[in-house]
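# Survey of secondary and tertiary structure
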Amino acid sequence: QAKRISVPQLMAYKGQQKIAALTAYIAPFARLLDDALDMILIGDSTAMVGYALPNTLSITVDQLAAHAGAVVRSTSHACVIVDMPFGSYQQSPQQAFANAAKMLAASGADGVKMEGGAALADTTRFLVERGIPVLAHVGLMPQYVNTMGGFKAQGMTDESAERILLDAVAHEQAGAFGVVLEGVAEALGRRITERLAIPTIGIGASPACDGQILVTEDILGLSGPRIPKFARQYSDVGAVIRSAVEQYASDVRQGVFPGLENCFGVKKPAE
Ligand code: KIV
Ligand code: NA
């Protein structure tokens, strides 16, 4: 069996092939996604998508480690990266290392993703020098919702675009293996991609990015009626599930399910 895609392999995709990535939080999705993708992220977006919370702030290291374990055990091909939850890394590089190591040791994931600008570059360096691959995440950073005052596209002015470019460069210099660019002006996504030697992975960024990532539920019709502008719905799996559940409920109410073939201790009738 072929080995799982490693972080250095992902880095070598730059300029060669695009990185196709999605999120997964649980085994059934991870199993279905694995073969088609280069990278799977256990995003803290599971707070909103999986736990119906209003933002990503309250998901914990233990929760994401448990989800990451489920994803790692259900995959063998894609590189598996896990998000650093809010509050698990901002205090100090030491705090970040302890929590990242805890999640990787508990799950077997390949690396971590961390939201933050240039101020967090020292933390990236601390982790990378100690054996933990870091995927930086700049631009729209959902964990900063309270300082941003909502989820808004970033880098729309020259000044803010310049700052985000410097954020990405700082993490590259600190040893990040890639940078997620979320919710940034298209021209900025392109500019950062051209400027960096490490891959950029866009979500609401630019087609020029070295890879793309989306929340899986958003492309499958499992996120409710509205999906973000930067997503595209590829299938309505929600409709398939709804119809299967309606059929099941109707069968139960009519006594059509279970059949005797679903019961124990029933002799098969003679052929
Ligand atoms: O949590 C998440 O899903 C993310 C995105 C980059 C998809 O961080
Ligand atoms: Na995230």
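Quick summary incoming for the structure in this document. (Residues numbered from 1 in each chain as written. Chains lettered and ligands numbered in written order. Predicted model: local features only at pLDDT ≥ 70, side-chain atom pairs only at ≥ 80, totals over all residues. Heavy atoms only, no water.)

## Some details on the overall build of the protein chain
The helix and strand inventory of the protein chain stands at eleven helices and eight strands. Each principal axis of the C-alpha distribution contributes one length, and for the protein chain these read about 75 × 35 × 35 Å. Every one of the 271 residues in the protein chain was classed for burial, and the buried ones make up 51%. Long-range pairs, those at least 24 residues apart, make up 58% of the contacts in the protein chain between residues at least 6 apart in sequence. Of the roughly 13700 Å² of accessible surface on the protein chain, a fraction of 57% belongs to carbon and sulfur atoms. Here the protein chain holds 22 positive side-chain charges and 26 negative ones, and the gap between their average locations is 2 Å. (Helix = DSSP H or I, 4+ residues; strand = E, 2+ residues; numbered from the N terminus. Buried < 20%, exposed > 50% of the residue type's maximum accessible area, 1.4 Å probe, protein only. Contact = heavy atoms within 4.5 Å. Areas by Shrake-Rupley, 256 points an atom, 1.4 Å probe, with all protein chains shown as cover. Lys, Arg positive; Asp, Glu negative; His and termini not counted. Charge placed at Lys NZ, Arg CZ, Asp CG, Glu CD.)

## Some thoughts on the nonpolar core
Grouped together as the largest cluster of nonpolar side chains are 52 residues, with contacts concentrated most on Leu10, Met39, Ile81, Val82, Met103, Val112 and Leu127. For this core, the element with the most residues is helix 4 (residues 61–73), which contributes six residues. Setting aside residues up to four positions removed in sequence, Val112 forms contacts with Ile81, Val82, Met84, Ala100, Met103, Leu104, Leu127, Ile132, Pro133, Val134 and Leu135. Residues Ala161, Ile164, Leu165 and Cys209 belong to the second largest nonpolar core, which totals 18 residues. (Core = buried A, V, L, I, M, F, W, Y, C linked by side-chain atoms within 4.5 Å.)

## Quick notes on the sheet that holds strand 4 (residues 111–115)
Pairing in this closed barrel of eight strands is parallel, and the strands run 1-2-3-4-5-6-7-8 around the ring. The mean angle between the axes of side-by-side strands here comes to 25 degrees, regardless of whether they run parallel or antiparallel. Where strand 2 (residues 39–42) lies against strand 3 (residues 79–83), four bridges are found, and the strand directions are parallel. Opposite Ile40, over in strand 3, you have Val80 as the bridge partner. Along the sheet face, helix 5 (residues 93–107) touches strand 3 and strand 4 and points at about 140 degrees away from the line of strand 4. In the packing of helix 8 (residues 158–174) onto the sheet, the strands contacted are strand 4, strand 5 (134–139) and strand 6 (178–182), and the crossing angle to strand 5 comes to about 170 degrees. (Pairing = 2+ DSSP bridges. Axes fitted to C-alpha atoms, helices over the stretch in contact; angles between N-to-C directions.)

## Thoughts on unusual backbone geometry
Most of the time, phi is negative for any residue but glycine, and the peptide bond is trans. Looking along the chain, the bond that leaves Phe257 and enters Pro258 is cis, with omega of 0 degrees. Among the secondary structure elements, Pro258 is positioned in the segment after helix 11 (237–254).

## Notes on the packing of helix 4 against helix 5
Where helix 4 meets helix 5, the axes come as close as 8 Å, and the angle between the chain directions of the two elements is 35 degrees. Two packed elements cross with a definite hand, and for helix 4 against helix 5 that hand is right-handed. Across the interface between the two elements, Val61, Asp62, Leu64, Ala65, Ala68, Gly69 and Val72 of helix 4 pack against Asn99, Lys102, Met103, Ala106 and Ser107 of helix 5. Classifying every residue of the contact of helix 4 with helix 5 gives seven nonpolar, three polar and two charged. (Left-handed = near helix turned anticlockwise from the far one by under 90°. Nonpolar A, V, L, I, M, F, W, Y, C, P; charged D, E, K, R; others polar.)

## A closer look at the layout of surface pockets
Considered as a void within the structure, the largest pocket measures approximately 900 Å³ in volume. Residue lining of the largest pocket: 38 residues in total, with Leu140, Glu182, Ile203, Pro228 and Phe230 positioned closest to the centre. When contributions to the lining of the largest pocket are tallied by element, the ones reaching two or more residues are helix 3 (46–49), strand 4, strand 6 and strand 8 (211–214). The element best represented in the lining of the largest pocket is strand 8, accounting for three residues. Tallied by class, residues from the lining of the largest pocket come to 19 nonpolar, ten polar and nine charged. A volume near 350 Å³ is recorded for the second largest pocket. Lining the second largest pocket are 19 residues, and of these Gln212, Ile213, Leu214, Ile219 and Tyr234 sit closest to its centre. (1 Å grid on protein atoms, 1.4 Å probe; cavity = no way out; pocket = protein on both sides within 12 Å on 5 of 7 lines; lining within 4 Å. Points joined across faces, edges and corners; volume = space filled by probe spheres on them.)

## What to know about the coordination of the sodium ion (ligand 2)
At the metal site, the sodium ion (ligand 2) is ligated by Asp44 (OD) and Asp83 (OD), and these contacts range over 2.3 Å. Note that Asp44 is positioned in the loop between strand 2 and helix 3 and Asp83 in strand 3, a separation of 39 residues in sequence. You can call Asp83 buried: its relative accessible area is 3%. (Donors = N, O, S within 2.8 Å, 3.2 Å for Na, K, Ca; no water.)

## What to know about the pairing of strand 3
Within strand 3, five of the five residues are buried, leaving the element largely enclosed by the surrounding structure. Burial along strand 3 is two-sided: Cys79, Ile81 and Asp83 and Val80 and Val82, pointing in opposite directions, are all buried. In this structure, strand 3 lies alongside strand 4, joined through three bridges in parallel fashion. Within the sheet, the bridge partner assigned to Asp83 lies in strand 4 and is Lys113. Note that the unit made of strand 3, helix 5 and strand 4 has a crossover that is right-handed. (Right-handed = clockwise from strand over helix to strand, strands pointing away.)

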